[in-house]
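# Residue-level structure breakdown
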Amino acid sequence: MLRSVLTRRAAGHPDTATETGTAYGAAMDDLLVRGARVVPLGESAEREPPSAGPGDPVDLLVRDGVVAEVGRGLDAPPGVPRVAAEGRWVVPGLWDQHVHLTQSALGLTRLDTSAVRSPQELLDLVVRTLRDGGARTPTGVLTAWGHRSAQWERQPNVAELDAVTGSAPVVLISGDGHHGWLNSAALIRLGVPLRDGIVEEDEWFAIYALLDCLPGAAQEAEQAIAQAVWHARSLGVVGIVDLEFGGSWEQWPARYAVGVGPWRVRAGVYPGRLAEILATGRADGDAVPGTDGLVTQGPLKIISDGSLNTRTAWCCEPYADGAALAAPSGRANVTPEQMRELVGLAHARGLSTALHALGDAAVAAALDVFAATGAQGSIEHAQLLRPADLPRWSRLPVRASVQPAHLLDDRSVTEQCWPDRTERTFVVAGLLAHGIPVVLGSDAPVAPLDPWLSMATAVHRGPVHAAAWHPEQALSAHQALAASVDGQRLRPGARGDLVLIDADPLAPGDSAAQAAGLLGMPVAGTVVAGRLSGPLAGALDG
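These remarks concern the structure in this document. Everything quoted here is computed from the prediction, not taken from an experiment. (Residues numbered from 1 in each chain as written. Predicted model: local features only at pLDDT ≥ 70, side-chain atom pairs only at ≥ 80, totals over all residues. Heavy atoms only, no water.)

### Regarding the overall build of the chain
A count of helices and strands for the chain gives 18 helices and 21 strands. Its C-alpha atoms give the chain a radius of gyration of 23 Å, within 12% of the compact-globule value 24 Å for 542 residues. For the chain, the spread of C-alpha atoms along the three principal axes comes to 70 × 50 × 50 Å. Sorting the 542 residues of the chain into buried and exposed places 60% on the buried side. (Helix = DSSP H or I, 4+ residues; strand = E, 2+ residues; numbered from the N terminus. Rg over C-alpha atoms; globule rule 2.2 N^0.38 Å. Buried < 20%, exposed > 50% of the residue type's maximum accessible area, 1.4 Å probe, protein only.)

Pasting the structure below:
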């Protein structure tokens, strides 16, 4: 379902990195936007904006990548590019607060297995793909993404995959990114001990990283990333928190050098490479050299538990169907002592922590760690919560970084695995009601890197053609938009990041109508640090 949304929106993507960079738009840090309607945004906890709607069109002047003035009849020095918004609506640049960019980009080229419903369907798809030459990739490994095995009647094994693939290496990645089904040829190719079943959690993450080291993988990834950045900017995305497993801070200077950008990135680091970042002395927000200050140091990322689909999210009570699981309540990937040591070390050196905690036991443990260390950061996902944990969370300097679009795929699995606690899942409105800051993201490639999809699903919890699921936890359109702009408001001193759109994102209507409007939102131009791209770039004057 989610892949079709991405494919529809990505039509017309560029074929070369050059088209994604400065050749695609204005390469200056100054811009005058004339005649735009500023969409009013208050605090994200407020269901309604501070005023009834966008007022009369105004001008916005960006100088040196920063909003300098907002008002009527503004002028700019000679040489500053001008663009006529012609009454379009304007919002601050959109952010995705949780992305694995390399994997997300490669997802556009990998075999899509999201529609399969059983191991046999997946095996049949692999056979057809191999027969049709689908294994001819730069790495020589057929890599797929998207299957979700929690609702399969049985779990897969290596022998049955070997029987239909022979010597062709095959890696089948689950749609939550937390396990892989590999044949023996792939295990041998990656230097991994042979086994009978799937590989999951920490062991899988180590193997996942090895895929990026295969000959030809870097070239394949960089070509895909150039297209992914272009596509994201075409949706109004000006920045991401990149939580890729590899050291993305190493790749971004080279990407900028070949014209991938401009784009803002906060590059996260995992525990295995934390010492390298500490050795540089970089703290949160410090610029990565060679990126014009647009790529900065991001948080330490710790994956404290698993996922719902792999049934490893760590819960206080057993899964309803957990009797056959090795860990019926899921499990922790790291101990509380290990978390405290890592989070405390990062905090002492000026780094925040993005702590993956999906199950309610994992969230409780994460809150314990933040309270004990005094660290700042975010809890990523928080998909299942205990109501008693919300008041103490509200007293900590910790955001909730949530991915509303996950419920499109996880609803049926939730009803199977957690049927007695569905009202405690995706508790987004409840977080805001307790004064906990909420930011939205995708966890791409788990869901598409599309903030309009995230906002739409936060507003109408489900497909727009169906009834909302637990609508008491829905956000208003204003709350969803306010949670998608990285705290920015269009006023002097703000970043010079704007999105010009052809419709009012806060237009009145029921939740389904508002969600439909967000999903189809036409973006006329995206401005990053004063540099315009998109259809309106062709109308620049000056």
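Don't stop here, the text continues.
### Let's talk about the packing of helix α16 (residues 451-459) against helix α18 (residues 511-519)
Orientation of α16 relative to α18, taken along the N-to-C sense of each, is 180 degrees, at an axis distance of 8 Å. By the criterion of interaxial angle, the relationship of α16 to α18 is roughly antiparallel. Only S511, Q514, A515, L518 and L519 of α18 make contact with α16, whose side of the interface consists of W452, L453, M455, A456 and V459. Here the residues of the contact of α16 with α18 are counted per class, giving eight nonpolar, two polar and no charged. (Axes fitted to C-alpha atoms, helices over the stretch in contact; angles between N-to-C directions. Parallel < 35°, antiparallel > 145°, perpendicular 65-115°, else oblique. Contact = heavy atoms within 4.5 Å. Nonpolar A, V, L, I, M, F, W, Y, C, P; charged D, E, K, R; others polar.)

### Comments concerning the environment of P57
One can find P57 in the loop between β1 (31-38) and β2 (58-63). Owing to a relative accessible area of 36%, P57 belongs among the partly exposed residues under this scheme. In sequence terms P57 and A36 are 21 residues apart; their C-alpha atoms lie 4.7 Å from each other. With residues near it in sequence (within four places) discarded, P57 still touches G35, A36, R37, R72 and G87.

### Here we look at the pairing of strand β17 (residues 398-402)
For β17, the tally of buried residues reaches four of five residues, placing the bulk of the element in the interior. One ladder, built from four bridges, connects strand β16 (residues 377-381) with β17; its direction is parallel. In the strand pairing of β17, G377 is matched with V398. Crossover β16 to β17 through helix α13 (residues 389-394) is right-handed. For β17 and strand β18 (residues 438-440), the ladder comprises three bridges, and the chain directions are parallel. Each residue of the ladder has a partner; that of A400, found in β18, is V438. (Pairing = 2+ DSSP bridges. Right-handed = clockwise from strand over helix to strand, strands pointing away.)

### Some thoughts on the sheet that holds strand β11 (residues 199-200)
Hydrogen bonds between backbone groups are what pair the strands of a sheet, and the pairing can be parallel or antiparallel. If you walk across this open sheet you meet the five strands as β7-β8-β9-β10-β11, and the pairing is mixed. One side of each edge strand has no neighbouring strand; the edge strands of this open sheet are β7 (111-112) and β11. One ladder, built from two bridges, connects β7 with strand β8 (residues 142-147); its direction is parallel. From the neighbouring strand, D112 faces β8, where its bridge partner is W145. The strands touched by helix α4 (residues 119-131) within the sheet are β7, β8, β9 (170-174) and β10 (179-182), with β8 carrying the most contacts at an inclination of about 150 degrees.

### Observations regarding the sheet that holds strand β6 (residues 94-99)
Taken in spatial order, the eight strands line up as β6-β12-β13-β14-β15-β16-β17-β18 in an open sheet, and their pairing is parallel. Strands at the two margins of the open sheet, each flanked by one partner only, are β6 and β18. Direction aside, the axes of adjacent strands within the sheet are offset by 25 degrees on average. Bridging between strand β15 (residues 353-357) and β16 involves five bridges; their strand directions are parallel.

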